[in-house]
Amino acid sequence: MLEKYHIILASNSPRRKELLKGLGLDFEVCVIPGIDESYPADIPPDEVPCYIALKKSKAYNVSNNELIITADTVVILDNVIIEKPNDREDAIQMLHRLSGHSHEVITGVVISTQQKQVSFSVKSTVSFATLTDEEITYYVDTFQPYDKAGAYGIQEWIGYIGVQGINGSFYNVMGLPVQRLYQELKQF
């Protein structure tokens, strides 16, 4: 259905690459380094992922047959964005905050061609069990989740032992809401 397009995934995320590959699409990964991912302080947290995904999309010059996919994922606890951790201590502190609580994971996606641009976001709610200090330090020391919003990857050990439930898309929590993306791509 998308044979006329050269599909580009504008993300270094191995999880996004894996998930897009799961749709059976041929695509290339192309990332422009150094794109500013800041956002205004007064923007509502649930709008930040689309805002950043749109910023990323504007960095690319789309040629005639290209379709570019950009995305950004945030973790929100008590209406506050939990960013990627800076270091080990930051990751441990984040997981302590998430422990025993539910939080939202929102991914914003932008699909761009020369003729059309579509943006959307998908929200999933994740409920965490109460984690022990030992579980948190084991996870952080073993998996080093410094490149992950909220300091965890649901597909890793912490997801197996800590996630009590999900309301919404599992794949969205991994970083790309592939079912919704597929539906949007069908419109192209």
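Residues numbered from 1 in each chain as written. Predicted model: local features only at pLDDT ≥ 70, side-chain atom pairs only at ≥ 80, totals over all residues. Heavy atoms only, no water.

**Points about the side chain of K56**
Argument step 1. You can see K56 is positioned in helix α2 (residues 48–58).
Argument step 2. For K56, the residues in contact, after removing those within four places along its chain, are I35, E37, T70, A71 and D72. (Helix = DSSP H or I, 4+ residues; strand = E, 2+ residues; numbered from the N terminus. Contact = heavy atoms within 4.5 Å.)

**A look at the pattern of salt bridges**
Argument step 1. Here the structure, examined in full by the defined rule, presents ten salt bridges.
Argument step 2. The shortest N-O distance in the salt bridge between E89 and R88 comes to 2.9 Å.
Argument step 3. According to the relative accessible area criterion, R88 is partly exposed, its value standing at 31%.
Argument step 4. Put simply, R180 and E184 hold a salt bridge, and the shortest N to O gap is 2.9 Å. (Salt bridge = Lys/Arg side-chain N within 4 Å of Asp/Glu carboxyl O. Buried < 20%, exposed > 50% of the residue type's maximum accessible area, 1.4 Å probe, protein only.)

**Re the layout of surface pockets**
Argument step 1. Within this model, the largest pocket holds a volume of roughly 790 Å³.
Argument step 2. Together, 38 residues line the largest pocket, and R16, K56, D72, K84 and D147 are the ones closest to its centre.
Argument step 3. Of all the secondary structure elements, the ones that give two or more residues to the lining of the largest pocket are α1 (14–21), α2, β3 (66–77), β4 (80–82) and α6 (170–174).
Argument step 4. Residue contributions to the lining of the largest pocket peak at five residues, all from β3. (1 Å grid on protein atoms, 1.4 Å probe; cavity = no way out; pocket = protein on both sides within 12 Å on 5 of 7 lines; lining within 4 Å. Points joined across faces, edges and corners; volume = space filled by probe spheres on them.)

**Regarding unusual backbone geometry**
Argument step 1. If you check the backbone angles, N79 has positive phi at about 65° while not being a glycine.
Argument step 2. Mapped onto the fold, N79 is located in the loop between β3 and β4.
Argument step 3. The backbone phi angle of Q144 is positive, close to 40°, even though this residue is not glycine.

**Some details on the pairing of strand β5 (residues 102–112)**
Argument step 1. Across the eleven residues of β5, nine count as buried, placing the element largely inside the fold.
Argument step 2. Inspection of the sheet shows β3 paired to β5 by nine bridges, in the antiparallel sense. If you follow I68 over to β5, its bridge partner there is S112.
Argument step 3. Hairpin remark: β5 followed by strand β6 (residues 117–128), antiparallel, with four residues in the connecting loop. (Pairing = 2+ DSSP bridges.)

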